[in-house]
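Listed below, chain by chain, are the residues.
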Amino acid sequence: MFWSNSGGYREWRAAKLANYPLRVDELVVQIGGLTGLDGGSAAAIRSSCERANMAIYSCRDPAADRISVLEFAAHFGLHRIDHHLCANDDGVAELTVTSDGDRGDYVPYSDRSLSWHTDGYYNKEPSRVRAVILHCVQDAATGGRTALLDPEIAYIRLRDANPAYIAALEHPACMTIPANIKCGREVRPAVSGPVFSYDQTSEALHMRYSARKKNIRWRDDRATAAARACLTELLADDTGPVLRYDLQPGQGIISNNVLHSRTAFEDGPSRKRLLYRARFFDRINS
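Keep in mind that this is a model prediction, so the values were computed, not measured.

**Re the pattern of salt bridges**
Per the stated rule, a full pass over the model turns up 16 salt bridges. Via salt bridges that share partners, Arg 23, Asp 25, Glu 26 and Arg 51 belong to a single interconnected network.

**Quick notes on helix 3 (residues 66-74)**
Taken residue by residue, helix 3 has Ser 68, Val 69, Phe 72 and Ala 73 as its buried positions. Projected onto a plane normal to the axis of helix 3, the buried residues spread over an arc of 145° and lie on a single side. Among the structural elements, strand 1 (28-31), helix 2 (39-52), strand 2 (54-59), strand 5 (131-138), strand 16 (251-255) and strand 19 (274-280) are those in contact with the buried residues of helix 3. Measuring from the side-chain oxygen of the N-cap residue of helix 3 to the backbone nitrogen of Ile 67 gives 3.3 Å; that N-cap residue is Asp 65.

**So, empty space enclosed by the protein**
Applying the stated rule across the entire model yields 3 cavities of 30 Å³ or more. Quantified by volume, the largest cavity comes out at close to 240 Å³. Elements with a contribution of two residues or more to the lining of the largest cavity: strand 4 (114-117), strand 5, strand 7 (146-149), strand 16, strand 17 (259-262) and strand 19. Ranked by residues supplied to the lining of the largest cavity, first place goes to strand 17 with 3 residues. Of the residues that constitute the lining of the largest cavity, the class distribution is 9 nonpolar, 5 polar and 4 charged. A volume near 70 Å³ is recorded for the second largest cavity. Taken together, Asn 53, Arg 130, Pro 151, Glu 152, Leu 205, His 206, Met 207, Asn 256, Asn 257 and Arg 283 make up the lining of the second largest cavity. For the lining of the second largest cavity, the secondary structure elements donating two or more residues are helix 4 (151-161) and strand 13 (205-207).

**Overview of the pairing of strand 2**
The buried fraction of strand 2 amounts to 6 of the 6 residues, a majority that puts the element mostly inside the structure. Here strand 2 shows no split at all, with Met 54, Ile 56 and Ser 58 on one side and Ala 55, Tyr 57 and Cys 59 on the other all buried. Bridge analysis of strand 1 against strand 2 gives 4 bridges, and the strand direction is parallel. Paired with Gln 30 across the strands is Ser 58, a residue of strand 2. In terms of handedness, the path from strand 1 via helix 2 over to strand 2 forms a crossover that is right-handed. In this sheet, strand 16 lies alongside strand 2 in antiparallel orientation, the contact comprising 5 bridges. Within the sheet, the bridge partner assigned to Ile 56 lies in strand 16 and is Ile 253.

Parameters at a glance
- Residues numbered from 1 in each chain as written.
- Predicted model: local features only at pLDDT ≥ 70, side-chain atom pairs only at ≥ 80, totals over all residues.
- Heavy atoms only, no water.
- Salt bridge = Lys/Arg side-chain N within 4 Å of Asp/Glu carboxyl O.
- Buried < 20%, exposed > 50% of the residue type's maximum accessible area, 1.4 Å probe, protein only.
- Helix = DSSP H or I, 4+ residues; strand = E, 2+ residues; numbered from the N terminus.
- Arc of directions from axis to C-beta.
- Contact = heavy atoms within 4.5 Å.
- Polar contact = N/O pair within 3.5 Å; in protein donor to acceptor, adjacent residues only side chain to side chain.
- 1 Å grid on protein atoms, 1.4 Å probe; cavity = no way out; pocket = protein on both sides within 12 Å on 5 of 7 lines; lining within 4 Å.
- Points joined across faces, edges and corners; volume = space filled by probe spheres on them.
- Nonpolar A, V, L, I, M, F, W, Y, C, P; charged D, E, K, R; others polar.
- Pairing = 2+ DSSP bridges.
- Right-handed = clockwise from strand over helix to strand, strands pointing away.

Written out as structure tokens, the structure reads:
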């Protein structure tokens, strides 16, 4: 496998670091709108995703609904959508502050900060979330800044620090998400798995991670603890490779499920933050 081929890995690492964006505005691609995407705009988005596993698109026409998000996704081979617990029937979730139903129990549907994570880290391997689109319909009055980091850069930094960190994070029992129990009923069983894994066909790197303090069980050994500490330090480094962006209406992020977090925010009297989110079992096609 590529990742264990030292010569091939060194060559890939050098190219990755040379091409990784130093500024978040290098990821921004101007497009007309979510529907009727032209070939040049699609190619620019793919190029950014090949470089950093993500792109930020900015629509000149900000009009959008959940259907247009799915039409946009289809341009990049994203068809198999994750119909998770809080999504609408079409699979697209509306991230906004609410106290209604199941959504009110989860942090993404509040104005609180979201710690570092990849989406679907509680999914079993056959339902692995490989790509995510996050589209901003309305930003908050204040706050709500998004931070982003390509998992391949996190992998490089950890491997550079100590290859044993990678081995620890590849362990099949590295991170366990306890069962989700509501009103005495199991909504989702416990899920164990590695942080880093590799697609058997494409050899693409996949990362599942959450920095949550509660409801996460980590493998109890020194190597795992040290790897977690190194990753935590990397994500907290203001001078490191983390990129930060304030999404505006008509803008969005398309990614191969990169690491991300969100600061707390406040809505205004007539300005309620709303983002559409769609998760896919596919990766962005090249």
